[in-house]
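# Remarks on the overall topology
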Amino acid sequence: LDFSSASTQTHNANSGASNPGVDMLFVGLGDGSLISFAVVEQDGKVSVRSKKEACLGTLRIDLVPLSTRGGGSCVLATGDRPTVIYLAGIGGGAASNANFNPKLCYSSVNLSASDED
């Protein structure tokens with residue numbers, strides 16, 4: 001792996017004080033690959049888990065953190081197939097913490113050419 005052409009972004013998807021939130025580490029590579037990890041802190045030690053890899057095209061991916069109107073957060077992955085990455089299944093109260101199972105979601109962004117030159 002050529003990490004000289006990589007973009008990294010950490011992302012905390014904490015949607016409320018009653019919810020534990022999820023820390024994610026994203027690595028966008030120069031070949032269009034996106035690698036994500038769940039970051040876990042336990043007993044003062046930080047580790048990464050749940051490695052997932054997705055192909056988002058063939059061009060270098062840069063990562064841009066975004067905020068939503070509702071106070072949430074997501075990440076924009078740029079490249080030849082721009083994609084918004086977010087966690088679904090977070091939120092709710094203490095009763096839902098027993099079923100806390102967020103899913104990493106990818107939503108492609110359709111861009112149209114501008115009429116202005």
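Structure: see above.
The following refers to the structure shown. In this text, all values refer to a predicted model and were calculated from it rather than measured experimentally.

## Looking at the overall build of the chain
- Each helix and strand in the chain was counted, giving zero helices and eight strands.
- Taken from the N to the C terminus, the helices and strands of the chain come in the order β-β-β-β-β-β-β-β.
- Taking all 117 residues of the chain together, 30% fall into the buried category.
- Counting only contacts in the chain whose residues sit at least 6 apart along the sequence, the fraction spanning at least 24 positions is 40%.
- Summed over its atoms, the accessible surface of the chain is roughly 7500 Å², and 50% of this surface lies on carbon and sulfur atoms.

## Looking at the pairing of strand S6 (residues 73-77)
- Bridging between strand S5 (residues 63-67) and S6 involves five bridges; their strand directions are antiparallel. In the strand pairing of S6, Val-64 is matched with Leu-76.
- Two successive antiparallel strands, S5 and S6, enclose a turn made up of five residues, where Gly-71 displays a positive phi of approximately 90°.
- Pairing between S6 and strand S7 (residues 83-88): three bridges, direction antiparallel. If you follow Ala-77 over to S7, its bridge partner there is Thr-83.
- In this antiparallel pair of consecutive strands, S6 and S7, the connection spans five residues, and Gly-79 shows a positive phi of 135°.

## Description of the nonpolar core
- The biggest cluster of nonpolar side chains holds 13 residues, and the ones touching the most others in it are Met-24, Phe-26, Leu-34 and Leu-63.
- Of all elements in the fold, only strand S2 (23-28), strand S3 (33-42), S6 and S7 reach the threshold of two or more residues within this core.

## Considerations on the sheet that holds S6
- Strand order in the open sheet formed by four strands is S5-S6-S7-S8, and the pairing between neighbours is antiparallel. Two strands in the sheet have a free side with no partner beyond their single neighbour: S5 and strand S8 (103-108). Here the average twist between neighbouring strands, direction ignored, is 30°.

## Looking at the pairing of S7
- Bridge count between S7 and S8: six bridges; the pairing is antiparallel. Within the sheet, the bridge partner assigned to Tyr-86 lies in S8 and is Cys-105.

Definitions and limits used
Residues numbered from 1 in each chain as written. Predicted model: local features only at pLDDT ≥ 70, side-chain atom pairs only at ≥ 80, totals over all residues. Heavy atoms only, no water. Helix = DSSP H or I, 4+ residues; strand = E, 2+ residues; numbered from the N terminus. Buried < 20%, exposed > 50% of the residue type's maximum accessible area, 1.4 Å probe, protein only. Contact = heavy atoms within 4.5 Å. Areas by Shrake-Rupley, 256 points an atom, 1.4 Å probe, with all protein chains shown as cover. Pairing = 2+ DSSP bridges. Core = buried A, V, L, I, M, F, W, Y, C linked by side-chain atoms within 4.5 Å. Axes fitted to C-alpha atoms, helices over the stretch in contact; angles between N-to-C directions.

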